[in-house]
Amino acid sequence: MPSIIAHNMSDTAAGTTGRTLDYAAPLYDWLAPIMVFGFEQRCARHVIEHLDLSPSHRVLDVGCGTGSLTRRLGQSLDASAGGGIVGVDAAERMLDIARSKSPAGLPCRFVAGLAESLPYSDCTFDRAVSTFFFHHVEFNLKTKALSEMWRTLIPGSKAIVVDVDVPTTLLGSCSAWAGYRLFRQEEIRENIEGRLREAFDASPFQSWRSVSHHSGYMTLFELIR
Ligand SMILES: C[S@@+](CC[C@H](N)C(=O)[O-])C[C@H]1O[C@@H](n2cnc3c(N)ncnc32)[C@H](O)[C@@H]1O
């Protein structure tokens, strides 16, 4: 691991083999839209459409990063009705930015933690969401994180996952493999080769389906607890 990355790693991030982003925190909100070709806003709209939120829902955002989606979902929730959202990430610098951007009164909290051992008891949440997190962890952690999402959701509820997936177009394939080569990230290759889907199959979720494909290499999945 390059020493600059190790040096900037927060204590929570040091506890995982996932690719955590403390070192990228100041730049993340500038770079993320470029890396997904501006899909971020549309992604948020699709997630909201498929989450079926009600104001009283308790929601978990796994690998929330700087919390753009977390805050957006928080706008649909009402603390006085018991609703709220928790964004969990291992990179404490990312969470510092998430907190600094979260307006007072929005029912959002940001908590340092690991997706593979979530700091919540069984059946805590009505909904879970995770966007662009699963290509940051290798297969073993993909399955552990899914088990943790399942454990902390109430029976009959659902999770929405958006991530790099098996490409559906030639352009999508070029984009996905270019991302893999740029970042030299085996976890991206796993997703391109269908291993995120294998992790869904291996997870305790009752069922899962791919809902929609985007830019030829990203998929929105729905998982039923
Ligand atoms: C590409 S970012 C996605 C952030 C946000 N969900 C979004 O859509 O912009 C992936 C995030 O996963 C976090 N991460 C990596 N491994 C993790 C782990 N084991 N537990 C929790 N978060 C982790 C990173 O720190 C990073 O913030």
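Residues numbered from 1 in each chain as written. Predicted model: local features only at pLDDT ≥ 70, side-chain atom pairs only at ≥ 80, totals over all residues. Heavy atoms only, no water.

**Here's the deal with the overall build of the protein**
Along its length, the protein carries nine helices and seven strands. Relative to the compact-globule value of 17 Å for 225 residues, the protein shows a C-alpha radius of gyration of 16 Å, a close match. Reported as C-alpha extents along the three principal axes, the dimensions of the protein are approximately 45 × 40 × 30 Å. When each of the 225 residues of the protein is scored for burial, the buried share is 53%. Considering only residue pairs separated by 6 or more positions, the protein has 73% of its internal contacts joining residues 24 or more positions apart. Here the protein has roughly 10,200 Å² of accessible surface; of this, 55% comes from carbon and sulfur atoms. Between the centroid of the 22 positive side chains of the protein and the centroid of its 25 negative side chains there is a distance of 3 Å. (Helix = DSSP H or I, 4+ residues; strand = E, 2+ residues; numbered from the N terminus. Rg over C-alpha atoms; globule rule 2.2 N^0.38 Å. Buried < 20%, exposed > 50% of the residue type's maximum accessible area, 1.4 Å probe, protein only. Contact = heavy atoms within 4.5 Å. Areas by Shrake-Rupley, 256 points an atom, 1.4 Å probe, with all protein chains shown as cover. Lys, Arg positive; Asp, Glu negative; His and termini not counted. Charge placed at Lys NZ, Arg CZ, Asp CG, Glu CD.)

**Quick word on a nonpolar patch on the surface**
On the surface, Leu27, Trp30, Leu31, Ile34, Met35, Leu182 and Phe183 cluster together into a nonpolar patch covering about 800 Å² of accessible area. For the nonpolar patch, the secondary structure elements donating two or more residues are α2 (25-35) and α7 (170-183). Of the residues forming the nonpolar patch, the biggest block, five residues, is contributed by α2. In this structure, phenylalanine 183 sits in helix α7. Taking relative accessible area as the criterion, phenylalanine 183 reaches 39% and is therefore assigned partly exposed. (Patch = residues over 30% accessible without salt bridge, like charges linked within 9 Å, V, L, I, M, F, W, Y side chains within 5 Å. Salt bridge = Lys/Arg side-chain N within 4 Å of Asp/Glu carboxyl O.)

**So, the site of the ligand**
Close to the ligand lie 22 residues; Tyr28, Gly63, Asp89, Glu116 and Thr131 are nearest. Alanine 115 is positioned such that a nitrogen or oxygen atom in its backbone is 3.0 Å from a nitrogen atom of the ligand. Residue threonine 131 places a side-chain N or O atom 2.6 Å away from an oxygen atom belonging to the ligand. For the ligand, the accessible surface in isolation is 600 Å², of which the surrounding protein chains cover 94%. (Near = heavy atom within 4 Å. Polar contact = N/O pair within 3.5 Å; in protein donor to acceptor, adjacent residues only side chain to side chain.)

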